[in-house]
Amino acid sequence: VWELLYWRAPGRSALALVGVLGTLGCLARFSAVSVGAYGALAVLGITLPLRLHRAALRALRRHPPEHPCRAQPEGAVGLSPEEQQRWARRLARHLTAATRTLARLFFVHSLPESL
């Protein structure tokens, strides 16, 4: 903080001064709630793409590309036929329930139900 006040780092001090003056100017014209909300939105709009970019780069670096002709592992991979049937039935139940719920919400059968 003292480096900013005494202008030991002129670039950072100028950036801080412009930020403070801009914030004070906005507070003079708009309410504090709207200035805070737009400031938070600006910070989120900058940090979210940077965070996604870093996560994508980290994911790409972590897994080197594999050769497509590489041999498959020897161990059993996957589900048994009984487990596949059980998961297929469970998925079908969930999809049916979701479809019924969406149909009930979008295709209104009675006016009181839609309210």
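What you see is a predicted model; the values in this text were computed from it and never measured. (Residues numbered from 1 in each chain as written. Predicted model: local features only at pLDDT ≥ 70, side-chain atom pairs only at ≥ 80, totals over all residues. Heavy atoms only, no water.)

Quick word on the overall build of the protein chain
Logical step 1: For the protein chain, the helix and strand inventory stands at five helices and zero strands.
Logical step 2: For the protein chain, the N- to C-terminal ordering of α and β elements is α-α-α-α-α.
Logical step 3: When the 115 residues of the protein chain are sorted by exposure, 2% land in the buried category.
Logical step 4: Approximately 11000 Å² of the protein chain is accessible, and the part contributed by carbon and sulfur atoms is 67%. (Helix = DSSP H or I, 4+ residues; strand = E, 2+ residues; numbered from the N terminus. Buried < 20%, exposed > 50% of the residue type's maximum accessible area, 1.4 Å probe, protein only. Areas by Shrake-Rupley, 256 points an atom, 1.4 Å probe, with all protein chains shown as cover.)

Here's the deal with the side chain of serine 13
Logical step 1: Assignment of secondary structure puts serine 13 in helix H2 (residues 10-29).
Logical step 2: Setting aside anything within four residues of it in sequence, one finds serine 13 in contact with Glu3, Leu4 and Trp7. (Contact = heavy atoms within 4.5 Å.)

Examining the confidence of the model for the protein chain
Logical step 1: On average, residues of the protein chain score 81 in pLDDT, and 78% of them reach the 70 mark or higher.
Logical step 2: Per-element mean pLDDT across the protein chain ranges from 57 in helix H5 (residues 111-114) up to 90 in H2. (pLDDT = per-residue confidence, 0-100.)

Some words on a positive patch on the surface
Logical step 1: On the surface, Arg51, Arg54, Arg58 and Arg61 cluster together into a positively charged patch.
Logical step 2: Here arginine 61 is to be found in helix H3 (residues 32-62).
Logical step 3: According to the relative accessible area criterion, arginine 61 is exposed, its value standing at 66%. (Patch = residues over 30% accessible without salt bridge, like charges linked within 9 Å, V, L, I, M, F, W, Y side chains within 5 Å. Salt bridge = Lys/Arg side-chain N within 4 Å of Asp/Glu carboxyl O. Lys, Arg positive; Asp, Glu negative; His and termini not counted. Charge placed at Lys NZ, Arg CZ, Asp CG, Glu CD.)

Points about a nonpolar patch on the surface
Logical step 1: Taken together, the side chains of Trp7, Leu17, Val20, Leu21, Leu24 and Leu27 define a hydrophobic patch exposed on the protein surface, amounting to about 570 Å² of accessible area.
Logical step 2: If you trace the backbone, leucine 17 turns up in helix H2.

So, the environment of leucine 4
Logical step 1: Take leucine 4: it is sitting in helix H1 (residues 2-5).
Logical step 2: Sequence separation of leucine 4 and leucine 17 is 13 residues, and the distance between their C-alpha atoms is 8.9 Å.
Logical step 3: The contacts of leucine 4, once residues within four sequence positions are left out, are Arg12, Ser13 and Ala16.

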